[in-house]
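Structural overview for review
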Amino acid sequence: MKARATIDLSELPGHGTGAASPTWWGTASFMLIEGTGFALAVMVYLYLMSLAPTWPLEAPLPDLLPGTLLTLALLASVIPNIWIARAAQQRNLRQARIGLIMMSIAGVLPLAIRPFEFTAMQIKWDGNAYGSVTWFLLGLHTTHILTDLVDTLVLACLMFTRHADNPRRYGDVADNAMYWNFVVLTWLPIYGCLYWVPRL
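Report follows, based on the coordinates. Counting of residues starts from 1 at the beginning of each chain's written sequence and follows it residue by residue. With pLDDT at 70 or above as the cut-off, local features in this predicted model cover only qualifying residues; side-chain atom pairs require 80 or more to be listed or tallied, and sums for whole chains, interfaces and linings still use all residues. As a rule here, side-chain values come from all non-hydrogen atoms in the structure, and water together with hydrogens is ignored.

1. Quick look at the nonpolar core
What is meant by a nonpolar core is a set of buried Ala, Val, Leu, Ile, Met, Phe, Trp, Tyr and Cys residues, joined one to another through side-chain atoms within 4.5 Å. Here's how the labels work: a residue is buried when its accessible area is under 20% of the maximum for its type, exposed when over 50%, partly exposed in between, all with a 1.4 Å probe on protein chains only. Counting 47 residues, the largest nonpolar core has Tyr45, Tyr130, Trp187 and Leu194 as the members making the most contacts within it. Of all the secondary structure elements, the ones that give two or more residues to this core are helix 1 (22-51), helix 2 (64-90), helix 3 (93-120), helix 4 (129-158) and helix 5 (167-196). Throughout, a residue-residue contact means that at least one pair of heavy atoms, one from each residue, lies within 4.5 Å. The residues touching Tyr45, leaving out its near neighbours within four places in the chain, are Trp55, Tyr130, Val133, Thr134, Leu137, Cys193, Leu194 and Pro198. What counts as a helix is a DSSP run of H or I of at least four residues, what counts as a strand is a run of E of at least two, and both are numbered from the N terminus.

See below:
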């Protein structure tokens, strides 16, 4: 009987981070699917605009202030988000806890501004095609902010419990930070379409 070669895997970590983690691939795949959804929604907006004799359709130009404030809030949130991603990579529990609290606040701020954006559109969702597509874009992005905020709050709670000792939690924190960057990046073309394209 031939002897079989065996490999000792006992020294390998129980969970990888980044591309070594299945959760990372799941998050990246989700962002790809959602990014496609955002792209399709923007294309619908531009298609409707190409058919309309004037744009905005039977409505004044949207008020710039709420959307610009929200954009600045999202861009500013990238700084603590990068910081928390590094803390997760270094497995620094104290910094990860502080960063999660900061990102929880950063997630609430745009949700506080967003209702004013719906008013800034100066048209109701059922007014016409322009109203429907603008409210849809705002609503779609709002669900992503809310989704990440809930995830951030859950992780913040976990990192203040005994579960923080699990190395896998740091991978979850890093993946959450990656998803927030996606939320910020997807807003920029939507902001451009909603607020600046009608002014061209």
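2. Overview of helix 2
Counted at 1.5 Å a residue, the expected span for helix 2 with its 27 residues is 39 Å, and the 40 Å between its end C-alpha atoms agrees. To get the bend at any residue, fit one axis to the seven residues that end at it and another to the seven that begin at it, then take the angle between the two axes. Where helix 2 bends most, at Ile79, the angle is about 25°, and the proline Pro80 comes one to four residues later. Within helix 2, the full set of buried residues consists of Pro66, Gly67, Leu70, Thr71, Ala73, Leu74, Ser77, Pro80, Asn81, Ile84, Ala87 and Ala88. For helix 2, the secondary structure elements touched by its buried residues are helix 3, helix 4 and helix 5. In the stretch just after helix 2, Arg91 is the one whose phi turns positive, near 55°. For a helix, the expected span equals 1.5 Å multiplied by the number of residues minus one.

3. Let's talk about a nonpolar patch on the surface
The patches reported here contain residues having more than 30% relative accessible area and no salt bridge. Joining distances are 9 Å for like charges and 5 Å for nonpolar side chains (Val, Leu, Ile, Met, Phe, Trp, Tyr). For the area figures, the Shrake-Rupley method with a 1.4 Å probe applies, and any residue is considered shielded solely by the protein chains shown. Throughout this description, the term salt bridge denotes a Lys or Arg side-chain nitrogen within 4 Å of a carboxyl oxygen of Asp or Glu. Among the surface-exposed residues, Leu65, Leu69, Leu72, Leu75, Leu185 and Leu188 lie close enough to one another that they form a single nonpolar patch of about 560 Å² accessible area. On the secondary structure map, Leu65 appears in helix 2. Given the relative accessible area of 53%, Leu65 is considered exposed.

4. As for unusual backbone geometry
A cis amide bond links Trp55 with the next residue in sequence, Pro56, at an omega value of 5°. Mapping Pro56 onto the fold places it in the loop between helix 1 and helix 2. Located in the positive-phi region is Glu58, a residue other than glycine, with phi close to 55°. Its relative accessible area of 69% is what places Glu58 among the exposed residues.

5. Overview of the environment of Met43
Considering the arrangement of structural elements, one finds Met43 in helix 1. On the basis of relative accessibility, which here comes to 49%, the residue Met43 falls in the partly exposed class.

6. A word on the environment of Ala41
Structurally, the position occupied by Ala41 is in helix 1. Between the alpha carbons of Ala41 and Val133 there is a distance of 7.8 Å; along the sequence they are 92 residues apart. Setting aside residues no more than four positions away along its own chain, Ala41 makes contact with Val133, Phe136, Leu137 and Leu140.

7. Description of the pattern of salt bridges
Pairing of side chains with opposite charge becomes possible as their charged atoms draw close. According to the stated counting rule, one finds 2 salt bridges in the structure shown. Measuring nitrogen to oxygen at the nearest pair gives 2.4 Å for the salt bridge that ties Arg114 to Glu117. Of the two residues, Arg114 and Glu117 are both situated in helix 3; the distance of 3 residues between them amounts to about one turn of the helix. There is no split in this pair, since Arg114 and Glu117 are both buried. A salt bridge links Arg169 to Asp172; the nearest nitrogen and oxygen atoms lie 2.8 Å apart. With Arg169 and Asp172 both in helix 5 and 3 residues apart, the pair spans about one turn of that helix. On the basis of relative accessibility, which here comes to 15%, the residue Asp172 falls in the buried class.

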